Amino acid sequence: MRKTTKGRTGQVIAVDTTELMNMLNAGRKSATDIGMAAGAKLQIGRRVLWNVKKVQQYLDEISE
């Protein structure tokens, strides 16, 4: 299996679970719960990515 490379250019549209945890400053369970509530889960084969735009929209909607 090849290691995933991290080549960031421009705006990020999808992140893995670890990056989602870093973005939200939350643990794995909280990050995945937020991602699922936002409907942001993308599964490509066995890999799970999260749509950053959907997560941001969800957080904007639920914030006071």
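Data block above holds the structure.
What comes next is a walk through the structure. These figures come from a predicted structure and were not determined experimentally. (Residues numbered from 1 in each chain as written. Predicted model: local features only at pLDDT ≥ 70, side-chain atom pairs only at ≥ 80, totals over all residues. Heavy atoms only, no water.)

**Describing the nonpolar core**
Here's step 1: In this structure, Val15, Leu20, Ala31, Ala38, Ala40, Trp50, Val52 and Val55 together form the largest nonpolar core, which totals 8 residues.
Here's step 2: Only helix H2 (28-38) and helix H3 (52-62) provide two or more residues apiece to this core. (Core = buried A, V, L, I, M, F, W, Y, C linked by side-chain atoms within 4.5 Å. Buried < 20%, exposed > 50% of the residue type's maximum accessible area, 1.4 Å probe, protein only. Helix = DSSP H or I, 4+ residues; strand = E, 2+ residues; numbered from the N terminus.)

**Remarks on the sheet that holds strand S2 (residues 41-44)**
Note: strands within a sheet are paired through backbone hydrogen bonds, in either parallel or antiparallel orientation.
Here's step 1: Across the sheet, which stays open at both edges, the 3 strands sit in the order S1-S3-S2 with antiparallel pairing between neighbours. Each of the sheet's edge strands pairs with one partner strand only, and the pair in question is strand S1 (14-15) and S2.
Here's step 2: For S1 and strand S3 (residues 47-51), the ladder comprises 2 bridges, and the chain directions are antiparallel. For Ala14, the partnering residue across the bridge sits in S3 and is Asn51.
Here's step 3: In the packing of H3 onto the sheet, the strands contacted are S1 and S3, and the crossing angle to S3 comes to about 50°. (Pairing = 2+ DSSP bridges. Contact = heavy atoms within 4.5 Å. Axes fitted to C-alpha atoms, helices over the stretch in contact; angles between N-to-C directions.)

**Structural notes on the environment of Ile34**
Here's step 1: By secondary structure assignment, the location of Ile34 is in helix H2.
Here's step 2: Judged by its relative accessible area of 23%, Ile34 falls in the partly exposed class.
Here's step 3: Placed 10 residues apart in sequence, Ile34 and Leu24 show a C-alpha to C-alpha distance of 9.2 Å.
Here's step 4: When sequence neighbours within four positions are dropped, the list of residues in contact with Ile34 reads Leu24, Val55, Tyr58 and Leu59.

**Considering the side chain of Thr17**
Here's step 1: Within the element layout of this structure, Thr17 appears in helix H1 (residues 17-24).
Here's step 2: Thr17 sits in the buried class, given a relative accessible area of 11%.
Here's step 3: Here Thr17 is in contact with Arg28, Thr32, Val48 and Trp50, once residues within four sequence places are set aside.

**Details of the pattern of salt bridges**
Here's step 1: Applying the stated rule across the entire model yields 1 salt bridge.
Here's step 2: Its salt-bridge partner being Lys29, residue Asp33 comes within 3.0 Å of it at the nearest N-O pair. Placement of the pair is Asp33 and Lys29 together in helix H2, with a separation of 4 residues, close to one helical turn. (Salt bridge = Lys/Arg side-chain N within 4 Å of Asp/Glu carboxyl O.)

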